[in-house]
Amino acid sequence: MALSRSARIGAVVTAAASFFVIAASSAPTPGAPGIGDPYFPQLGNGGFDARHYDLDIAYAPDTGRMDGRTTLRALATQDLSSFDLDLQQLQVTRVEVDGRRARFTRDGDEITVTPRDVLREGRTFTVSVTYGGVPEALGGPIVFGSRYGWMKTDDGVFVACEPNAASTWFPSSDHPADKATYDIRIKAPEGLTGVSNGRLVSTYDRHGSTYTHWRESRPMATYLATATIGKFDVRTGRTPGGIPIYVAIDPVLKNGNSVDVYAVTAAATDYWSQVFGPYPFEETGAIVDDMPDAGFSLEVQSKPAYSAVRNETTIVHELAHQWFGDSVSVAQWKDIWLNEGFATYAQWLWAEHQGTRSAHDSFLAGYNSRPADSAFWQIKVADPQRDTMFSSAVYQRGAMTLQALRERIGDTAFFRLLPAWTKLHRYGNASTADFIRLAEHVSGQQLDDLFDTWLFSTGKPAL
């Protein structure tokens, strides 16, 4: 069959129009400047998935200056004409994409990188950033009113970055939803020790400096990365269950230490491995530094960081985070009770394990100590808002939620649920809705009323 001339012209026009529609739809576009978390809209970056960070930093405690080079390997999730990285305060001097110099611009804490060629969806690429300056700690109401992030100490620096301070010391996609593996290399004056995540690959002295190389081979959220530097007494070994352990304690604190950090860390790691499922990382441990300005401890991945010698219950709390927060990380920051409520409940389980108080009695103690008109009951735990995301209700009412759940579904289902949760979302991210769905599946019960009462409502629940 032959087409008429007008039909042939129409076919050509139709084909041309289709070509331009396809071309327009596949045109490269910039990656979003943020993941879209309502608490921190500009944190994280769109258009790519972070896969691995190589961090190479040099720190001079006498001046406070840090110089660094970060190389990020990432996977493009769209056709990218440009993409963003998060970096606060520090100055960028050079950016390369796949080894070729790239243009970059800056708008506040956002670095926009324009590679020479389009990065096609599905392509793996590297971006290297050379930068430096004097990192400054962040402040404000979020972390109990304390400073946090990169905090200078008398002999080095204490680095604890939850929720948004990782980008004060390295360029990154600074949101827990974009996890990656890490190699972290630290150069410091000879005599100081650089402690970081994962396993120690190498350490050596050369020309008045000490170099340490750490490798975290399990996916990690940016805020859990550390490069704490100082004088430390280091003890290594294995827990009774066989897990490698590395504990670094500032010698200033060691003599007045009433808690055996090494022994408690070993015992709690092994016990949580029985309750929560296999330990998710290659090493456990602790970093205990003399940092009185930091009124908190942090669940740094594989080695919780303590700004002073903390009590046993704090240690077991931070170690529980290795499962709840580090391995299973929040999808958005509003889900923070999945970290803090679970770690607080772990403290109640530890007391129960030690025979000092049941979790039920811990629940009642917290419940009865707060009158109905207390501000404590006015926080909505499932969405506590940014500036109150670490309020006591997130911890305590979050833990109360778990005890209420345990008493509803029974011990058998409850203690199946905990390791099922850590297994299902191991090394990933999860939300409150994910937990409710799994709790209902494991228990075979409909639990909307329980979670609505304890997580999504304000006011003191009736028992």
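Cut-offs and rules
Residues numbered from 1 in each chain as written. Predicted model: local features only at pLDDT ≥ 70, side-chain atom pairs only at ≥ 80, totals over all residues. Heavy atoms only, no water. Phe/Tyr/Trp six-rings, centres within 6.5 Å; stacked < 30°, edge-to-face > 60°. Buried < 20%, exposed > 50% of the residue type's maximum accessible area, 1.4 Å probe, protein only. Pairing = 2+ DSSP bridges. Helix = DSSP H or I, 4+ residues; strand = E, 2+ residues; numbered from the N terminus. Core = buried A, V, L, I, M, F, W, Y, C linked by side-chain atoms within 4.5 Å. Contact = heavy atoms within 4.5 Å. Salt bridge = Lys/Arg side-chain N within 4 Å of Asp/Glu carboxyl O.

Undergrad: Would you explain the packing of aromatic side chains in this entry?
TA: By convention here, two paired aromatic rings are described through the distance between centres and the angle between planes. Within the structure shown, the criterion is met by 36 aromatic pairs. Seen from their ring centres, Y204 and Y211 are 5.0 Å apart, and the 10° between their planes marks the pair as stacked. A relative accessible area of 38% places Y204 in the partly exposed class. Ring geometry for F324 versus F342: centroids 4.8 Å apart, planes at 35°, classification tilted.

Undergrad: Please explain the sheet that holds strand β17 (residues 233-238) as it appears in this structure.
TA: A sheet is described by the order of its strands in space; here five strands give the open sequence β17-β18-β19-β21-β20, paired in mixed fashion. What marks the edges here is a single partner per strand, and that holds for β17 and β20 (297-298). Here two bridges tie strand β19 (residues 284-288) to strand β21 (residues 305-306), and the two strands are oriented parallel to one another. The residue bridging V288 from the neighbouring strand is Y306, located in β21.

Undergrad: Any chance you could explain the nonpolar core here in plain terms?
TA: Side chains of nonpolar character tend, in soluble globular proteins, to be buried together. If you look at the biggest cluster of nonpolar residues, it comprises 144 residues, and the most contacted ones within it are F83, W169, W272, F276, L405 and F435. Excluding residues within four positions of it along the chain, L405 makes contact with G410, F414, L417, F435, A439, L447, L450 and F451.

Undergrad: When you look at the pattern of salt bridges in this model, what are you seeing that I'm missing?
TA: A side chain of one charge can pair with a side chain of the opposite charge if their charged atoms are brought near each other. Tallied over the full model, the rule gives 17 salt bridges. For D79, the salt bridge is made with R120, and the minimal N-O distance between the two is 3.2 Å. Taken together, the residues D79 in the loop between β3 (65-76) and β4 (80-86) and R120 in the loop between β8 (110-114) and β9 (124-133) connect sequence positions 41 residues apart. Residue class for D79 comes out buried when judged on its relative accessible area of 17%. For D434, the salt bridge identified is with R437, shortest N-O distance 2.5 Å. Note that D434 and R437 are positioned in helix α9 (residues 432-443) at a spacing of three residues, about one turn of the helix.

Undergrad: How do you make sense of the side chain of T401 when you look at a structure like this?
TA: The residue T401 is located in helix α7 (residues 392-409) in this model. Leave out the neighbours within four places in its chain, and T401 touches W337, L450, F451, W454 and L455.

Undergrad: I would appreciate a short explanation of the sheet that holds β8 in the present structure.
TA: For sheets, the rule is that strands pair by backbone hydrogen bonds, running either parallel or antiparallel. Across the sheet, which stays open at both edges, the four strands sit in the order β1-β4-β8-β7 with mixed pairing between neighbours. Across the chains shown, the open sheet's two edge strands, defined by having one partner strand only, are β1 (29-30) and β7 (103-107). Both β1 and β4 contribute to a ladder of two bridges, which runs parallel. Bridging across to β4, P30 finds its partner in S82.

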